[in-house]
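# What the coordinates show
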Amino acid sequence: MLTYSFPNDSHLTMYEYLYQCIKEDIIHLKLTPHEKLPSKRAFAKNQNVSLITIENAYNQLLIEGYIYSIEKKGYFVSEIQYPNIPTKKAVKLPQEIKKAYLIDLKTNSVSPKHFPFSTWSKLTRQVLSSQDSELLTRPPQQGCLALRETICKHLYAFSGMNVLPQQIIIGAGTEYLYNLVIQLLGRQLIYALENPGHHSISKVYQLNDISYQYIPLDKDGLNIKELKKSQAHVVHISPAHHYPTGITMPIKRRLEILKWANDHQNYIIEDDYDSEFRLRGKPISTLYQIDQNERVIYMNTFSKTLAPSFRISYMVLPPHLVQRFQEKLHFYACSVSSFEQIILAEFMQQGYFEKHINRMRNSYKLIRDDFLSQLHASPIAHQIRITEENAGLHFLLHYTSPFHDNEIVQQAAAIGLHISTLSQFYDIPYDSHTIVVNYSGLAFHQIPVAIELLNRLFT
Ligand SMILES: Cc1ncc(COP(=O)(O)O)c(C=O)c1O
């Protein structure tokens, strides 16, 4: 008679446990094909369990085809040809390493002191208590209408862009949207990106087996001569505010790039990441606005304006691509939850978003000013030079040092300082001797600690 002892620490119910044991014995041929299983009653008695427990276990095995039954005769093991199943080796999975740093000047983050948690929880309660059925239905594939409408209003108010909700696609992050763009425009095209620039995009291209080329920058942004020499059909640029150099592309260069796109029926992906936080001057017209021929796909994200944890980004498609999107990619579900979209729409509609951006712009300005004045008063002041301090939530710190960039990054990590160097934004490694200092995640009390660590790094 089959006998299985039930371990005390099992997380399974008795019937699940018996089902598992019998299944394993069948797979490993301890129970042979057509062998008769004990009757339910006898087996229940032997295991000291109820009849229903055995019935449930046998029924599950029957449904999955491991056993069969013959009326009035009982249950038998099915004959199944198993491939040679190698015995399972314990797989070693990589450890998730989360290194704790004293100060993080690398990650684009937001200090918890600056996030409007109380407003967000008030709106969350309001939205949830509405018990609106929209919360529980699959969001429209391009994103919830309320959010797309408020994004349109924001784009109009912030940068004079006139777009319709039908043109907006909401997605969980810029990388996700890039995958959609590739599927929309086609894998046969050649894509180009800025060097230096946001290198996750090149990873997306690589993993999609896309041909892509790097185009260098000059003082006005993407080098137009190099773009014309390339074979690219699609180019990714951040004309308002290039990250991390902070270059703003002047109108002459913008028109040249638009002409390039018009002349060859090419496309421009305008990544407006970071544009809301330029600390000096007025917001700059987007390329999308001056494009007359539907050549520009506009992208932006809430990762900087709210927090990178949100994973809410969006793109604005020119009208002819909306139609193509709906024909080709209509089956994709929207990758952002309706809950988050509707709360964000409320946050924007009720004017909190604009207030938040204005408040953050002021706070970031104060943090930057404090950081720079403490840096200039510190012992390493004569060894460093600061540029792009109006570039948004980061500045460039140029230093003199005999060490390679990667050595400096390691030395910084060893004292608890997380940094990235400008060279990390280039395709080929070189020594930039420049740190890209992201200060958005710092609270005021952390500035002296950051200065102290930078001093230790360079002395
Ligand atoms: C130029 C640029 N675009 C987009 C992003 C990220 O956007 P998201 O968080 O929406 O994926 C980054 C992040 O560093 C970036 O540098």
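Residues numbered from 1 in each chain as written. Predicted model: local features only at pLDDT ≥ 70, side-chain atom pairs only at ≥ 80, totals over all residues. Heavy atoms only, no water.

## What to know about the pattern of salt bridges
Heads up, the rule is: For this document, the term salt bridge refers to a Lys or Arg side-chain nitrogen within 4 Å of an Asp or Glu carboxyl oxygen. Going along the chain from the N terminus, every DSSP run of H or I of four or more residues is numbered as a helix, and every run of E of two or more is numbered as a strand. Only protein chains enter the accessibility calculation, which uses a 1.4 Å probe. A residue is then buried if its area is under 20% of the maximum for its type, exposed if over 50%, and partly exposed in between.
The final tally for this structure, using the stated rule, is nine salt bridges. With a shortest N-O distance of 3.7 Å, Glu55 and Lys40 are connected by a salt bridge. Of this pair, Glu55 sits in helix α3 (residues 51-64) while Lys40 sits in helix α2 (residues 40-47); the two residues are 15 residues apart in sequence, bridging distant segments of the chain. Classification of Glu55 as partly exposed rests on a relative accessible area of 25%. One network of salt bridges, with partners in common, ties together Asp218, Lys219, Asp220, Lys252, Arg253 and Glu256.

## Notes on the site of the ligand
So the rule is basically this: Neighbouring residues are identified by heavy atoms, a residue being near a molecule or strand if any of them is within 4 Å of it. Polar contacts, as counted here, are pairs of nitrogen or oxygen atoms within 3.5 Å of one another; within protein the pair requires one atom able to donate a hydrogen and one able to accept it, and residues that are adjacent in sequence qualify only if both atoms are side-chain atoms. Using a 1.4 Å probe, the Shrake-Rupley method yields the accessible areas, and only the shown protein chains count as cover for residues. Lining residues are those with an atom within 4 Å of a point, where the points come from a 1 Å grid over the protein atoms alone and group into cavities, where a 1.4 Å probe fits but cannot get out, or pockets, open sets with protein on both sides within 12 Å along at least five of seven lines. Grid points define the cavity or pocket, and a molecule sits in it when more than half of its atoms lie within 2 Å of them.
If you check the shell around the ligand, you find Asn108, Gly173, Thr174, His198, Tyr243, Asp271, Tyr273, Thr301, Ser303, Arg311 and Ser313 and nothing else. Ser303 is positioned with one of its side-chain polar atoms (N or O) 2.5 Å from an oxygen atom of the ligand. Ser313 is positioned with one of its side-chain polar atoms (N or O) 2.7 Å from an oxygen atom of the ligand. Across the complex, the protein chains shield 90% of the 400 Å² of accessible surface that the ligand would expose by itself. Here the ligand occupies the largest pocket.

## Here's the deal with the packing of aromatic side chains
Selection criterion: Stacked, tilted and edge-to-face pairs are distinguished by plane angle, under 30 degrees for stacked and over 60 for edge-to-face with tilted covering the rest, among Phe, Tyr and Trp rings (Trp via its six-membered ring) whose centres lie within 6.5 Å. Both a distance and an angle decide whether a charge sits over a ring: NZ of Lys or CZ of Arg must be within 6 Å of the ring centre and within 35 degrees of the ring normal.
Under the definition given, this model contains 25 aromatic pairs. The side chain of Arg295 reaches across the aromatic face of Tyr267, ending 4.6 Å from its centre.

## A short note on the domain arrangement of the protein
Applicable threshold: Residue ranges assigned to the domains are those given by an automatic or database domain assignment.
As assigned here, the protein comprises domain 1 (14-77), domain 2 (103-108 + 356-458) and domain 3 (116-350). Measuring from the centre of the C-alpha atoms in domain 1 to the corresponding centre in domain 3 gives 57 Å.

## Regarding the sheet that holds strand β6 (residues 211-218)
Keep this limit in mind: Strands pair, by our definition, only if DSSP identifies at least two bridges between them.
Spatial ordering of the open sheet is given by β4-β11-β10-β9-β8-β5-β6-β7, a layout of eight strands whose pairing is mixed. Only two strands of the sheet have a single neighbouring strand rather than two, namely β4 (168-171) and β7 (221-222).

## Description of helix α13 (residues 352-376)
Quick reminder: α-helices carry 3.6 residues per turn. Residues three or four places apart thus point the same way. Convention followed: Expected span, for any helix, means 1.5 Å times one less than how many residues it has.
The end-to-end C-alpha separation of α13 is 35 Å, in line with the 36 Å expected for 25 residues at 1.5 Å each. What α13 keeps buried is the set Tyr352, Phe353, His356, Ile357, Met360, Ser363, Tyr364, Ile367, Arg368, Phe371, Leu372 and Leu375.

## A short note on the pairing of strand β5 (residues 190-195)
Formally: Assignment of crossover handedness uses the view with strands pointing away from the viewer, where a clockwise path from the first strand over the helix to the second indicates a right-handed crossover.
Across the six residues that make up β5, a large majority, six, are buried. Handedness of the β-α-β unit built from β5, helix α7 (residues 200-207) and β6 comes out right-handed.

## Section: a positive patch on the surface
Operational definition: Each patch groups residues whose relative accessible area exceeds 30% and which form no salt bridge, using 9 Å between like charges and 5 Å between nonpolar side chains of Val, Leu, Ile, Met, Phe, Trp and Tyr. For the charge count, each Lys or Arg is scored as positive and each Asp or Glu as negative, with His and the chain ends excluded. A single reference atom marks each charge: NZ on Lys, CZ on Arg, CG on Asp, CD on Glu.
Taken together, the side chains of Lys122, Arg125, Lys355 and Arg359 present a region of like positive charge at the surface. Elements with a minimum of two residues in the positive patch: α4 (117-129) and α13. In this structure, Lys122 sits in helix α4. Overall, the relative accessible area of 33% leaves Lys122 in the partly exposed class.

## Brief notes about the environment of His445
Here His445 is to be found in the loop between β16 (434-438) and α15 (447-458). Between the alpha carbons of His445 and Glu327 there is a distance of 53 Å; along the sequence they are 118 residues apart.

## What about the nonpolar core?
Applicable threshold: The set of buried Ala, Val, Leu, Ile, Met, Phe, Trp, Tyr and Cys residues whose side-chain atoms join them within 4.5 Å is what this entry labels a nonpolar core.
Among the nonpolar cores identified, the biggest contains 85 residues, and Ile268, Phe371, Leu375, Leu397, Leu417 and Leu454 are the most heavily contacted of them. Sort the elements by how many residues they give to this core and α13 lands first, with nine residues. Formed jointly, this core draws a minimum of three residues from each of two domains, domain 2 (103-108 + 356-458) and domain 3 (116-350). Counting residues in hydrophobic clusters, the runner-up holds 26 residues, among them Ile169, Ile182, Leu321 and Phe325.

## A few points about the state of the cysteines
What we call a disulfide is simply a covalent bond connecting the sulfur atoms of a pair of cysteines. The condition that has to hold: In what follows, a disulfide is any cysteine sulfur pair within 2.5 Å.
Scanning the entire structure with this criterion turns up zero disulfides. Unpaired in terms of disulfides, Cys144 finds its nearest cysteine sulfur in Cys334, a separation of 6.7 Å. With relative accessibility at 1%, the residue Cys144 sits in the buried group.

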